[in-house]
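Remarks on the overall topology
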Amino acid sequence: MSRLIIVSNRVAPISEGGPAAGGLAVGVYDALKETGGMWFGWSGDVLASGQPQIQLEERGPVTFATIGLVRRDYDQYYRGFSNATLWPAFHYRADLIQYDRHDFEGYWRVNEWLAQQLVPLLREDDVIWVHDYHLIPFAQALRAQGVKNRIGFFLHIPFPASQVLLAVPPHRLLVEALCSFDLLGFQTEPDLRAFCDYVVNEAHGEVEHAAKGPSTIRAFERTLRAAAYPIGIYPDEIAQLAKAGARGKLVRTMKATLHERKLIMSVDRLDYSKGLVERFRAFERLLDHAPAYRNNVSFVQIAPPTRADMHAYQDIRLQLEGESGRINGRFAELDWTPIRYIHRQYERQVLAALFRESHVGYVTPLRDGMNLVAKEYVSAQDPDDPGVLVLSCFAGAAQELEGALIVNPIDIDGMAEALATGLAMPAAERRARYRDMIAQLRENNVSVWRDNFLRDLQGGGEKRRAMRAK
Ligand code: GDG
């Protein structure tokens, strides 16, 4: 059997309880721990000087191959083009896109350099699976060094509509580079459609849809395949974590402070794509319009820091601190704080237990490739007395989780209404919605995601070889 090589920007530090905040790390680690193989990428270290060296570490069936970045590469490739240009563009925030040619050159250069570092570690029959927007040029860079292996790419974030992508000056180079992969995976059908639309209308390529399986793309003198592979989780593992966590002291103490009030829970990296400000305002609207909820419901927002050295992230933090302070100032009582906004990370087990204890999971990103929190929330519920998921229509997860109360995060009144509906929903309806969603999550768990992608990546390779042999 071929060895699986995972390449992602960051190789996540894995602690006893699994990876910390970040959906890619959670999904990739879950996928790799069963099959074994190698995980290659940035260690998270930024070096002031010197030449970064690869570190190899064997842990069970997984070899972690990590390397540091020098300061200039970190600034141009990671903070610059990846996170100040691509992240906002791919999340439809054309207003936040920053572009600097030198950063783009740095992005390309670091991709080529990382590819060079990986080449000596590769074996002929390795299957290479590259993840996310930091590494769009990676296959092109490997091919330039003579690598013939099958190389697939999975985009964890949305693929934007062409009119938004056109705002990124080197959009054509990016899509051309994507066409060097053998298989492209997107989170949802709308993302796949957006990519195909660019190929046909901007790159004058061709798309051939298959009745079943990936579409065939012909563009930039390459033929490749592309499909939607919605990422999953292991729902039963989360349910176990939630049950164990609920017995822990931290969660019991927290529950005691609620004094029987209902609980609304949110967990997100503190990112402007997650719609936190709109979410806070909708909770305020609920308290305005339904005074019975005052002093009867608490909203806990856990938002661990992320990319805190970037302006846009400092701005959203300040904005959120302002909003939570203002709303709490308006409504708090001596014995009740409406919003508990916590800017730090907790263990996975604690999060799962808080999901289980809560009445509403409030997951309302402005855009999100998938959103694993939504899936974790459902998985953590008590099947006899489940909470209700309020979910943004702009999260990829909304394509699958039809049992959620789907909201538009721009519609503050609509979100406030959904919160009220969720808080008052009868048990029979909550159970029916939960059953529907948990069945879907079990059927499309993270192994299914991985296996479907790898089947198509390997299958595509065999088909190509057979075609060459003719
Ligand atoms: C990207 C895409 C896509 C959060 N806070 C803590 C913590 N987390 C964990 C959550 C969840 C993960 O981090 C976040 O995943 P999401 O999917 O919600 O969001 P992104 O980080 O933006 O992930 C996203 C994903 O990749 C996978 O493809 O779904 O659309 O943007 O697992 O539970 N974990 C711990 N402490 C925290 O405080 N331990």
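See the structure shown above.
Heads up: these notes are all about the structure in this document. The structure presented is a predicted model; accordingly, all values stated were derived computationally and were not measured.

So, about helix α3 (residues 101-118). Taking 1.5 Å as the rise per residue, α3 with 18 residues should run 26 Å; its terminal C-alpha atoms sit 26 Å apart, in good agreement. D103, F104, G106, Y107, W108, V110, N111, L114, A115 and L118 are the residues of α3 that are buried. Lining the buried residues of α3 we find β1 (4-10), β4 (37-47), α2 (71-90) and α4 (138-144).

For the rest of this paragraph, the subject is the sheet that holds strand β6 (residues 62-70). An order of β5-β6-β4-β1-β7-β8-β9-β12-β11-β10 is seen for the ten strands of this open sheet, with the pairing classed as mixed. In this open sheet, the two strands that pair with only one neighbour each are β5 (55-59) and β10 (206-208). Neighbour to neighbour, the strand axes of the sheet diverge by 25° on average, direction disregarded. Where strand β7 (residues 127-131) meets strand β8 (residues 150-154), five bridges bridge the pair, whose relative direction is parallel.

This next bit is on the pairing of β7. For a regular strand, side-chain orientation follows a simple rule: the groups alternate between the two sheet faces. Taken across its five residues, β7 has five buried, putting it largely inside the fold. Of the two faces of β7, the one carrying V127, W129 and H131 and the one carrying I128 and V130 are both buried. When β1 meets β7, the two strands line up parallel, connected through five bridges. For I6, the partnering residue across the bridge sits in β7 and is W129. In the classification by handedness, the crossover that spans β7, the intervening α4 and the parallel β8 is right-handed.

We now examine the packing of helix α10 (residues 276-289) against helix α14 (residues 412-424). Following both chains from N to C, one finds α10 and α14 inclined at 65°, their axes separated by 8 Å at the closest point. For the crossing formed where α10 meets α14, the hand is right-handed. Each of E278, R281, A282, F283, R285, L286 and H289 in α10 lies in contact with α14, whose residues at this interface are I412, D413, M415, A416, L419 and A420. Tallied by class, residues from the contact of α10 with α14 come to eight nonpolar, one polar and four charged.

Glancing now at the packing of helix α8 (residues 235-246) against helix α12 (residues 348-357). Following both chains from N to C, one finds α8 and α12 inclined at 85°, their axes separated by 7 Å at the closest point. By the angle between their directions, the pair α8 and α12 is classed as roughly perpendicular. Here I238, L241, A242, A244, G245 and A246 of α8 lie close against α12, whose contacting residues are R348, Q349, V350, A352, A353, F355, R356 and E357. Class assignment for the residues of the contact of α8 with α12 results in nine nonpolar, two polar and three charged.

This part takes up unusual backbone geometry. Here D132, not a glycine, exhibits a phi torsion of approximately 80°, which is positive. The residue D132 is located in the loop between β7 and α4 in this model. Take D132: there are 22 C-beta atoms within 10 Å of it, and that puts it in the buried class.

Cut-offs used in this document
Residues numbered from 1 in each chain as written. Predicted model: local features only at pLDDT ≥ 70, side-chain atom pairs only at ≥ 80, totals over all residues. Helix = DSSP H or I, 4+ residues; strand = E, 2+ residues; numbered from the N terminus. Expected span 1.5 Å × (residues − 1). Buried ≥ 20, exposed ≤ 12 C-beta atoms within 10 Å, placed from the backbone. Contact = placed C-beta atoms within 7 Å. Pairing = 2+ DSSP bridges. Axes fitted to C-alpha atoms, helices over the stretch in contact; angles between N-to-C directions. Right-handed = clockwise from strand over helix to strand, strands pointing away. Left-handed = near helix turned anticlockwise from the far one by under 90°. Nonpolar A, V, L, I, M, F, W, Y, C, P; charged D, E, K, R; others polar. Parallel < 35°, antiparallel > 145°, perpendicular 65-115°, else oblique.

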